[in-house]
Each structure stands twice: as C-alpha cells, then as structure tokens.
Amino acid sequence: MSFSPRRPWLLAAALLLAAWRPAAAVAGHARLLSEYSHHAWTAAEGAPAQIQAITQTPDGWLWLSTPNGLYRFDGLNFERREQVGGRKLLSTIVLPLYTAPDGALWVGYRFGGASVFKDGQVRHYGAADGFPPGAAYSFARAPDGVMWATSAGGLAWLDGERWRRVGPDSGFDPGARSVWQVLFDRDGTQWVSTDRAVYYRRQGERRYQVASPANIRLSSLAAAPDGTVWASNGSDANYRLSQRAPDGKPPARPELPGSGMWFDRAGTMWLLSEDRVERMLPDVFPDPRQRITREQGLSGMSPQTFFEDRDGNVWIGTVAGLDRFRRNRVAPLPGNLDIATPALRADADGKVRVSGFGAGSWLMDADGRQYEHAPYFFLSSAAGRDGRPALGTDHGIWLPGPGTLIAPPPAARQDAPLTRTLAQDGGGDWWASYLNLGIFRHHDGAWTRVDDARLPAARVLSMWTDRGGRVWTGYQDNRVAILDGGAVTVLGAAQGLAVGNVLSGAERNGHLWVAGELGAALYDGLRFGPLRMADGHPLRGISGVVETAGGDLWLHGHDGAFHIAAAQLAPFLRGGAAVGYELLGVDDGLAGAVQPTGPFPSMVEASDGKLWLSSYNGVMLIAPDRIRRDARPPLVELRAVESDGKAYPADAPLTLPQGANNLHIGFTALGLSMPGRIAFRYRLDGVDRDWQPAGNRREAFYTNLGPGQYRFQVIAANQDGVWNTEGAALPVTIPPTFVQSLWFKLICAAALAAALVAAWRWRLAQMARLIEARHVERLSERERIARALHDTFLQEAQGTILMMQLAMEQVPPALPARAAMERGIGYIEQALVEGRDEVRGLRSPLRDNETLGESLERFGQRLAAGLSASFRLDQKGAPYTLPVITADEVFSIGREAICNAFRHAQASAIEVELDYGPRRLTLQVSDNGKGIAQETLAQGGRSGHWGLVGMRERAARIGAALELGNRDEGGAFVRLTLPTMYASA
C-alpha cells in the first residue's frame, strides 16, 4: 500500500490490471480490451465513491474503504458495514485495509488507531497501546511475520501486544512526520516512504538510510520481480529507487510517467495516470493498445486504488466508482493481424494457417508469430494423403511449403471460381465444389463435373473425408451425401438428421459428428442421434466440431464454444442421454458471431491441443488445459429477512409475530469473477418437498404460511458448477394465535366429536324406534292372523274331526270304509298339527319372561328329553335386550340349527355357545355327529329342503353373518354373528 500526498486520504495498493474492449473501441486498443472483460460500477449501481483501499478476506468478501464508511461487496451488491463479524468499528471513517495471512482483517482510521478482526473477535489499538498518532495510512507484514503500520505520526511495529515506535535514533529525519508506506522487496530489504524522503533498511541492519533519488516527495512504492523498487510522486512521475547514497546533484528525472505503479502476480507492470490505466509489456512503451481510459469505460477519473483478488481479478477504485477486470478464458490471437472471419487450417508443430479474403494466408503460432506468407487466400482446405494441408483457392489447389499450385479451376473464366469446399478421397482423387458450378472430381489430372441425379440440387456448404476415405458433402437442406467412388448415399430426416443447413463434420475416436444450423448429431452407421443439452439450451449455428484425443467434444456456434467433457459425453454415447456442458461465450471473451456462410469449419484443433476459432473479431484461441476454473464452492450468506414489511436480522433464529403468514428472504453467494453465473437453489422445510431452482435470482418469497416450525436453506454453485451443498440456513418460527393454537383445535375437535356422537346416537335412537315400530306392527299383524286362524280355521278343523270321529264310530270295524275314515281323520289331524305349528310361528317364539338363552335352553332340553343326544348351552357375558324381531330371528335360526342337529347329525352331544360380546353377539350350534356333506356346503343347501336357505334369509334380514362348516375334530357347526349396533344396552 502507499499513500498519495496529493490527496491525504488516498492509499495506493497492489494492482493487476486486466484488459477490456468496449463496443466502440478502435482496433488500436484491441489487445488490452479484448484479453480482459471489464465491468464498471458507479453510483447508479450503488458503488461508493473515492475508494481508498481494497482487500479481500478469506471468505471471499471484497472490502472497500471510503470517506463515507466501510463497504463489502459480493460481486453484485455493496453493503455499508459498521461492524465486522458482529464487532463494531471504532469509527466509520476508515482509511487503510489489510488482510493478514491468518485471515485477520486490519482496519485503520482517519482520526487515528486501528482494529484487527478475526473469528468474531476484535482487538483495538490506540495511543495507549503505542499505535502511532494521527491518521493511519498503511499496514504491512514483514518476512518474519511482524506487523508494521504507518500513520501521519510515524512508523511502528507490533511487539506482542504493544506497538514500538521507530524514532530518530534509527536514522529517520526528525522532521519527518507523515509516513506513507512500508514495502519489503524480494531480498527482505525494508523501504519506507515519508514526507521527507524514502528510507531503506537492509535485512539484519538496525538503521535506515536515505535512498536515491532524494529531495523528491515520493509516496507509493512498488517492487518489480527483478528486484527493482519504484516510487511515485502521486502526481505524474515514477522513479527507480536506488540504495546508492544521494550525491547532491539535481533531482533525477522520472523514468516513467504516471501517478502510481503496481506489478501483478505475473510480474507485469501497471501504470496509473490521471485519466487512464496502462499495462506495460516488455520492450513496448508506450503502447496505446494496452491502455484504458474513461472514454473506454473506466468508472471515473483518478484511478487511485488497486487490488488483485485471489482469482486474479483486478479491482480499481476511482473517484467515481469501482472497476473490475477479469482475464478472459478465450484470448485473441496476438499480433497485428486483423482479419474478420478468417479461414483456418491446422498445420504441424502447433501452427495454423490463417487466411483473410483477398489478403493471402499466413502460417502462425499461438503467440502471433508469422512463419510463412502465401499469396493466395483460401476458404476451404483439406488434409492430403501425405499429411500436408491443401488449400482451396481461386487459382486451384495450393500445397504450401515449397509452394505448389495444382489442379487449376475446372472452368476458364475471367473471374476464376473460388473453391468453396475441398476433400481428398482414399484413392487420391480431389473433390471440390464451386459456387453456382456444383461438385467436381479431379481424376487423372482433369476435373469432371459430378452430374448424378441422386445428389441433391441444393448448395454444398461443407465437405470432409471419413477414416474410410469416403467424401461427405453437407447441403443446405438438412441432407448429406456420401461419395464413395461411383456410389452415392444420401442421408437426411429419414435417418434422424435434424441439423438444418449442414455446416461442418468431423470424425475421431470412432465417432462421426455432423453439425449445422440447428444442432449436432452423431452418426452410428445407420442413424443420426441428436445431441441434446441437459438444460435444454439450443445449439445454434454449429459450424465447428472438434473431438479431442481425450474424448472431450467442442462445438463452436452462435452462442460461443460448448465444451462437453468426456465424462459428460459418455452417457450420450451409451444411450443418447442429454449432456452437461460448459459454455465459453461473451463473458469469457468470445465475442463476435460465426459467419453463417463460411468459411467452414469455424474451429480447428492445432497439434498442440489449442483450439483456434474464427469469428467476426478475428482469430480467438482456447487452451483447454489452461482454462482457469474455480474449484472452491462459493460462500452463501443470508442478507435480509422481511415479513409484513418489517425487517428482521438474518444471522439468528427468527421468531415472527403471531399471525404472520409471509416471508421474504434475500441471500447472496460470493462470486467476484462471474456473479451472474452463480446458480441458487432453496427450500423451506415444511413447505417445499424439494429444492426450488432460482437460477441467479437472489431472493425467495413465501405467502400463506401457517403457524409452525420452518427451516429455510439456500445453496449455490459458482460459475464452474461447484456447489456449496451446506449453504446457509435460517430457522423460522411462526407462533399461532389463539384460534390457530393446538388447544383451540383440540377444543374444536372435541366439540365436533361430541356433536358427531350426539348426532350418531340420535340417529341410532331414531332408527331403533323406527325398526321397533315396524317390528311391533309386524308382530301385531302376525298375532292378528294367528288369532284369526285359531278362532276360525283351527276351530272349524277341530269340529270337523269330532264329527268325523262320531260318524266313524257308527261304522263297523270290519267294513273297509272304517279303515279309510281312520286314515282320513289321521291326515286331517296331521294337517291340524301342522297348521297349529304355523299359527304358533306367527307369534313370538320367545316367552315374555325368558331371555334368548333361556328359550334356547328350554327348546334344546325338550328335544333332548325324547332323543338320545345330550344338550348343553354355554352363555358368556351379560345378556342384553335385542329388538323383538331381531331376537325372534336369532331364536328361529338357533332353533332350526338345534333341530337339524338332533334330526340329521346322528350326534351324541349337541352344544350351544351364546356370547354377549361388547361388539358382537355370537351364537354357535355345534355337534359331534357325521358333519355336513361337502356337496351341501358347496350348494348352500339340499334340493327340496329350505332349512338352510331360511336361516340365511333370516340372518340377512337382521344384518348378521351366518357360517356353516365342519369341525376338525368331527361334527358340524352353525355360527351366527350379529354386530352390536343392533343391540341396546
């Protein structure tokens, strides 16, 4: 750092100046302004003015010192800070800044003192700690790790916890008060600039000596890689310092103009002046092409502060703003060869032939050196069978080297036709196309027009040879033709080709690529497989295709150069999957679109692996193995939190007021090189199921949030796709209001449940009353019918029997009529019994004073009294009352089952289990007899018998389940299951 006496608040820091090319720049400035991308921030973009010092902390933040306070910058947003790491500054009027190797941030103040911030802690230094009085000007670290500070009151070094002043006894002029800057050169010599002179002290010595030139007010210091130390007067001159003692002669003349000097990490010198910044290349001074001025986009006058960040970006502070210069990944071809859309042909030893329309061609290397010039320009070229390049010119095919012109054009015209495409097949014949003349074949020293009806009539745009020696021709209507001697094969949409105008083709590693106006495709010998980008990015105007020996694929089109690494390409080669990619475009220095009419291909690979690209801006170079990529994941930080228009801290768990339902969160990620390419994803746990892609948007909005616990998390990837998967997070709590609280919900749930239970019970009672009423009505009707039958039919039948018996007694027993009458009376009595049984069935079989179990017990025991089988009833649970009809049906089913067991089972024991369960009533009749035939079980009964059918019908009427089956130990069972919803407690 250095301090300028012309403006006492200005500090000079180290500079790496990058170059930049504005849209209106003239060709003379092309070099600096095309090798670097430039961006300027002024007050319109929120940048502070009069930036005095710049530094970068290990987390990536850029810190700026201004008269209006301390700022930090993430590449897009400027934030004024009154604290660092949660610790307050002593004053907002700051001057020098310095980041120590241990990551500590040193801050000096305009009114004296300094602070060092590290790991959330701060240490302040003032006069009581020995810090030199007056405005702090700079900090420096000696090779032995000792910290030095300069101020308006002197020079001091930090001895543990206390600063030690350097006094006059050390060789300083007692009158020297302001000490601007301390610098340690490569030999460890300490240089100190003051308001009286520049002093030096060799490593190991105790005293300072005055450097030459003397008697010149010098402020900022800079050390060159060769050991030379330079000093600037802060106005318009730079001097080379010397350890030679001043000789008293007139002051030395400055060697270089400018108000300041810096050296970048590569050792290149940079000069600042009132209205410009210049890069000084060896043996070239001055060079207007290495200069940038305000007219060319510098943020303001008086560039005064310079800093090179860890990524190699150069930051310049002016009186009006901040400038960033980022070295491009794509560089222009060095030299003064200015050719728009040149034709390119790779040669040997890393050299490439470059041609401009009407200007001849040159053999050049990547450093811009020219080795050979040919008088002919070319638009097309091919590799001959001998490996030598052949160039298609308007005079024929030109073989460089010794310089041989072969195969003159096929037509003798005043304006010789220009060879638009060129290829040589495996047999040594040349194939070429000429505008408006079609395709020609050069065989046995003569050109022959290829008039084959199988070939498309469209214009030929490209031509190349595959590894089998076949010639491929690309046409403007999405078709290609393969010329193999006299054989012609035409491929197009029917084979999957969908690239539009076919502009280029190439084959390597066994892969044949075809590219054009609408994309690129791989030909597998039968069909074309389209190449698709994973994010859906279209491939437009692909006129250059290169597959490297390592399997990487490069495509040059309207949007720039697409790089698809071998690992990303592999899934496509296996199954046609979409591919990830890296795009080098305008932000990387690849400006200027591709000429849609050629020359093709627009990209070639030199033998040293460098890629040469043709564009409107001339030849551009890409060194794939030297592309600078950032492997560090970006720091992610939450910047602001807002809800209902109120701001909240973003660095601590957040509890919002009751009833809050919206959230606005701003975040950022450190990316000083290409902040626009940083990609974000975020999610709010409790709302989002997965990550929400935000692109480069740096804020998230949520509405209609309910009360609860949330956790917001955001992650980011840098310009090279390296993700910080930890990111930043913020716990958020939204307390419920009373009506949103759990208690309120429980109360509402309980009230609703009570209402549902009451409604259910009321409905059950209503249905029970309705069923009971229907049962009573049915029972009354049955009893009425029973009384009518008893009082009429049965009584009349009984009287008839009596009359017949009287008549029968008057007939002598010996007569046959007597026997017939006895039989008739017997039939009538049997019918009467059956009728009486039916009448009995119309009445409830249950006695009013008996339970279901007692009735079944009485019925079973009565049968057992006259039969050989035993009977037992086992009752479980407390009996409850069933509706009348339901009880009748249950009893009737049980009675039928018991009767069947006694009559048909041939059992010795019959058992009834009656279980009054809380959820269901179960009645099971089982025996140890012969069981039920499988045919009967399968059919559900026996033909002509209705007992089982009747039981099922009765069970269905009361909503019960009836099961029939045989027991494993022998015998059968009948089980009736009745849900208790039909029972009343």
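Our structure is the block above this text.
All values derive from a computational prediction rather than experimental measurement. (Residues numbered from 1 in each chain as written. Predicted model: local features only at pLDDT ≥ 70, side-chain atom pairs only at ≥ 80, totals over all residues. Heavy atoms only, no water.)

Caption draft 1: Up close: the sheet that holds strand β32 (residues 322-327). Pairing in this open sheet of 4 strands is antiparallel, and the strands run β3-β32-β31-β30 from one edge to the other. At either margin of the open sheet sits one strand with a lone partner, and together these are β3 (36-41) and β30 (305-308). Between one strand axis and the next, the sheet turns by 15° as a mean value, whatever way the strands run. Bridging between β30 and strand β31 (residues 314-317) involves 4 bridges; their strand directions are antiparallel. Residue pairing in the sheet places Phe-306 in a bridge with Ile-316 of β31. (Pairing = 2+ DSSP bridges. Helix = DSSP H or I, 4+ residues; strand = E, 2+ residues; numbered from the N terminus. Axes fitted to C-alpha atoms, helices over the stretch in contact; angles between N-to-C directions.)

Caption draft 2: Representation of the sheet that holds strand β37 (residues 370-374). What the 4 strands build is an open sheet, ordered β34-β35-β36-β37; its pairing is antiparallel. Of all the strands in the sheet, just β34 (343-346) and β37 have a single pairing partner and so form its edges. Here the strands of the sheet are splayed against their neighbours by 20° on average, with no regard to which way each runs. Strand direction decides the pairing type here: strand β35 (residues 352-356) and strand β36 (residues 360-364), joined by 5 bridges, are antiparallel. When the bridges of β36 are listed, Val-354 appears paired with Trp-362.

Caption draft 3: Highlighting a nonpolar patch on the surface. On the surface, a cluster of nonpolar side chains totalling about 330 Å² of accessible area is made up of Phe-738, Val-739 and Ile-747. Counting through the fold element by element, Ile-747 comes out in helix α3 (residues 742-809). (Patch = residues over 30% accessible without salt bridge, like charges linked within 9 Å, V, L, I, M, F, W, Y side chains within 5 Å. Areas by Shrake-Rupley, 256 points an atom, 1.4 Å probe, with all protein chains shown as cover. Salt bridge = Lys/Arg side-chain N within 4 Å of Asp/Glu carboxyl O.)

Caption draft 4: Highlighting the pairing of strand β70 (residues 870-876). Two strands pair when backbone bridges link them, and β70 and strand β71 (residues 909-916) are joined in this way by 7 bridges, in the parallel orientation. Note that in β71 the partner of Arg-872 across the bridge is Glu-911. Since β70 and β71 lie parallel, the crossover through helix α6 (residues 884-904) that links them has a hand, and here it is left-handed. (Right-handed = clockwise from strand over helix to strand, strands pointing away.)

Caption draft 5: Inspection of the pairing of strand β73 (residues 961-966) at higher detail. Strand direction decides the pairing type here: β73 and strand β74 (residues 972-979), joined by 6 bridges, are antiparallel. Paired with Asn-966 across the two strands is Ala-972, which belongs to β74. The turn joining β73 and β74, which pair antiparallel and follow one another in sequence, is formed by 5 residues; a positive phi near 110° is taken by Gly-970.

Caption draft 6: View of the environment of Thr-548. With respect to the helices, strands and loops of the structure, Thr-548 is situated in the loop between β54 (544-547) and β55 (553-557). On the basis of relative accessibility, which here comes to 12%, the residue Thr-548 falls in the buried class. Each C-alpha atom, one on Thr-548 and one on Ala-565, is 9.8 Å from the other, the two residues being 17 residues apart in sequence. Discounting chain neighbours no more than four positions away, the residues touching Thr-548 are Arg-508, Asn-509, Trp-554 and Glu-605. (Buried < 20%, exposed > 50% of the residue type's maximum accessible area, 1.4 Å probe, protein only. Contact = heavy atoms within 4.5 Å.)

Caption draft 7: Spatial organisation of the pattern of salt bridges. Following the criterion strictly, the structure yields 45 salt bridges and no others. Here Asp-347 ties to Arg-353 by a salt bridge, and the two come within 2.9 Å at their closest N and O atoms. Taking the relative accessible area as the measure of exposure, Arg-353 reaches 4% and is therefore buried. Among the ionic pairs, Glu-969 bridges to Arg-967, the shortest N-O distance being 3.4 Å. Classification of Glu-969 by relative accessible area gives exposed; the value is 61%.

Caption draft 8: Summary view of α6. Taking 1.5 Å of rise per residue, the 21 residues of α6 would be expected to cover 30 Å, and the 30 Å separating its terminal C-alpha atoms lies within 8% of that figure. Among the 21 residues in α6, 16 count as buried, and that is most of the element. (Expected span 1.5 Å × (residues − 1).)

Caption draft 9: Local environment of the nonpolar core. With 37 residues, the main nonpolar core has Leu-852, Phe-871, Leu-882, Val-890, Ile-898, Ile-910 and Leu-976 as its most contacted residues. If you list the elements that add at least two residues to this core, you get α5 (852-866), β70, α6, β71, β72 (920-927), α8 (947-957), β73 and β74. Residues within four places of Phe-871 in sequence aside, it is in contact with Leu-856, Glu-857, Gly-860, Gln-861, Ala-864, Ile-898, Phe-902, Ile-910 and Val-912. With 28 residues, the next largest nonpolar core counts Leu-705, Val-714, Ala-716 and Ala-728 among its residues. (Core = buried A, V, L, I, M, F, W, Y, C linked by side-chain atoms within 4.5 Å.)

Caption draft 10: Region of interest: the packing of α5 against α6. At their nearest, the axes of α5 and α6 sit 10 Å apart, and the two run at 20° to each other. If you check the angle between α5 and α6, you find them roughly parallel. By crossing handedness, the relation of α5 to α6 is classed as right-handed. Contacts between α5 and α6 pair Leu-852, Ser-855, Leu-856, Phe-859, Gly-860, Leu-863 and Ala-864 from the former with Ala-887, Val-890, Phe-891, Gly-894, Arg-895, Ile-898, Cys-899 and Phe-902 from the latter. For the contact of α5 with α6, the per-class residue count stands at 11 nonpolar, 3 polar and 1 charged. (Parallel < 35°, antiparallel > 145°, perpendicular 65-115°, else oblique. Left-handed = near helix turned anticlockwise from the far one by under 90°. Nonpolar A, V, L, I, M, F, W, Y, C, P; charged D, E, K, R; others polar.)

Caption draft 11: Molecular detail of the packing of aromatic side chains. Counted according to the given criterion, the structure contains 34 aromatic pairs. Summarising the aromatic geometry, the rings of Tyr-125 and Trp-163 are spaced 5.7 Å apart at their centres and angled 90° between planes, so their arrangement reads as edge-to-face. One end of the pair, Tyr-125, is in strand β13 (residues 121-125); the other, Trp-163, is in strand β17 (residues 162-165), and 38 residues separate them in sequence. On the accessibility criterion, Trp-163 (2% relative accessible area) is buried. A centroid spacing of 5.2 Å and a plane angle of 55° characterise the contact between Phe-667 and Phe-680, whose relative ring orientation is tilted. Of this pair, Phe-667 sits in strand β64 (residues 663-669) while Phe-680 sits in strand β65 (residues 679-685), placing them 13 residues apart in sequence. Three or more aromatic residues link up through ring pairs in this structure, and these residues are Trp-106, Tyr-125, Phe-131, Phe-139 and Trp-163. Geometry around Trp-61 places Arg-72 over its ring, the cationic atom sitting 3.6 Å from the centre. Lying across the ring of Tyr-371, Lys-351 places its NZ or CZ 4.6 Å from the centre. (Phe/Tyr/Trp six-rings, centres within 6.5 Å; stacked < 30°, edge-to-face > 60°. Lys NZ or Arg CZ within 6 Å of the ring centre and 35° of its normal.)

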